[in-house]
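# A look at the structure
Below are the chains, spelled out letter by letter.
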Amino acid sequence: MKPVPHATSLRRAPVQRRSAERLTRILDACAELLDEVGYDALSTRAVALRAGVPIGSVYRFFGNKRQMADALAQRNLERYTERVTERLRKAVKGDWRAAMDAVLDEYLAMKRTAPGFSLVDFGNQIPVGARHSEPNTRVADRLTALLSGYLDRTPDDDLRRVFLVAVESADTLVQLAFRTDPAGDEAIITETRELLRAYLGRVLD
């Protein structure tokens, strides 16, 4: 079991293994219930019951359900980064198209399979339907740090801006794809991939 990253929303970071495992169960339960009942009907009591922990254990880490959702979003970003990194280990270094495919494909895979992801994403869906710029900026910064070495590029403000534009554009179009088809409209995803290739090619070729 991989440790849960210490989210900024945590009241107290887990120290012992048992505490970390309990936090993992709480976040897993939160993710499952988000899919089943939605954010509005989510409660800390229901999460505690699903996770099989005392309600006090939930409040040890989180003051409310919003903090739980924020921690889940941060865990999503950590897991996403791990998945992209693993893909890049198998790709030819410097191939930005392979990097772009890894970034987009792993996001789509999590959107389709990760519990709770459709609501909390990387933090820009709560309240439900809200789209905030901060999480996309965080994703763009993470991708800049991750991909700059792989692409042999300087992680400067220009590269951050390029990745932020790409992330914002892809985010909007992927949301459209999943509004059109709950599984993600493949035609729109193909158009998204082509748009990203055209934009990034101007900068990275």
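Residues numbered from 1 in each chain as written. Predicted model: local features only at pLDDT ≥ 70, side-chain atom pairs only at ≥ 80, totals over all residues. Heavy atoms only, no water.

### Topic: the confidence of the model for the protein
Cut-off, in case you're wondering: Each residue carries a pLDDT score, the predictor's own confidence in it, on a scale running from 0 to 100. Residues count as neighbours in contact if any of their non-hydrogen atoms are within 4.5 Å of one another.
Looking at the protein as a whole, the pLDDT averages 89, with 87% of positions reaching at least 70. Contacts of residues 1-7 to residues separated by more than four positions or lying in other chains number 16 contacts, the stretch itself having pLDDT below 50.

### Concerning empty space enclosed by the protein
The condition that has to hold: Cavity and pocket criteria rest on a 1 Å grid covering protein atoms alone: a 1.4 Å probe that fits but cannot get out defines a cavity, protein on both sides within 12 Å along at least 5 of 7 lines defines an open pocket, and an atom within 4 Å of a point defines a lining residue. Grid points are joined across faces, edges and corners, and a volume is the space filled by probe spheres set on the points. The numbering of helices and of strands both runs from the N terminus, where a helix is a DSSP run of H or I of at least 4 residues and a strand a run of E of at least 2. Gly counts as polar in this scheme, as do all residues outside two lists: the nonpolar Ala, Val, Leu, Ile, Met, Phe, Trp, Tyr, Cys and Pro, and the charged Asp, Glu, Lys and Arg.
Throughout the structure, instances matching the rule amount to one cavity of 30 Å³ or more. Computed from the structure, the largest cavity encloses a volume of approximately 320 Å³. Mapped onto the lining of the largest cavity, the elements with two or more residues apiece are helix 5 (96-113), helix 7 (133-151), helix 8 (157-180) and helix 9 (186-204). Classifying every residue of the lining of the largest cavity gives 20 nonpolar, two polar and two charged.

### Focus on the pattern of salt bridges
What counts, and what does not: When a carboxyl oxygen of Asp or Glu lies within 4 Å of a side-chain nitrogen of Lys or Arg, that pair is called a salt bridge. Classification of residues uses two cut-offs on accessible area relative to the type maximum, computed with a 1.4 Å probe and protein chains only: under 20% is buried, over 50% is exposed, and between them is partly exposed.
Applying the stated criterion across every chain, the model contains 17 salt bridges. Residue glutamate 36 pairs with arginine 50 through a salt bridge whose shortest N-O separation is 2.8 Å. In this pair, glutamate 36 is assigned in helix 1 (residues 17-37) and arginine 50 in helix 2 (residues 44-51), connecting sequence segments 14 residues apart. Arginine 50 sits in the partly exposed class, given a relative accessible area of 38%. In this structure, the salt-bridge partner of aspartate 158 is arginine 161, at a minimum N-O distance of 2.8 Å. Of the two residues, aspartate 158 and arginine 161 both sit in helix 8, three residues apart, roughly one turn of that helix. If you follow the salt bridges from partner to partner, you end up with Arg83, Arg87, Asp101, Asp105, Glu106, Arg193 and Arg197 in one network.

### What about the environment of leucine 77?
Inspection of the secondary structure assignment puts leucine 77 in helix 4 (residues 65-89). By relative accessible area, which is 4% here, leucine 77 ends up buried. Separated by 61 residues in the primary sequence, leucine 77 and arginine 138 have C-alpha atoms spaced 9.1 Å apart. Ignoring any residue separated from it by four or fewer positions in sequence, one finds leucine 77 in contact with Phe122, Arg138, Val139 and Arg142.

### Details of the layout of surface pockets
Taken as a whole, the second largest pocket encloses approximately 150 Å³ of empty space. Taken together, Asp28, Ala31, Glu32, Leu72, Arg75, Asn76, Arg79, Arg83, Met110, Ala114 and Pro115 form the lining of the second largest pocket. Going through the elements one at a time, helix 1 and helix 4 are the ones with two or more residues in the lining of the second largest pocket. Looking at the lining of the second largest pocket, the element that brings in the most residues is helix 4, giving five residues. Taken together, the residues of the lining of the second largest pocket break down into five nonpolar, one polar and five charged.

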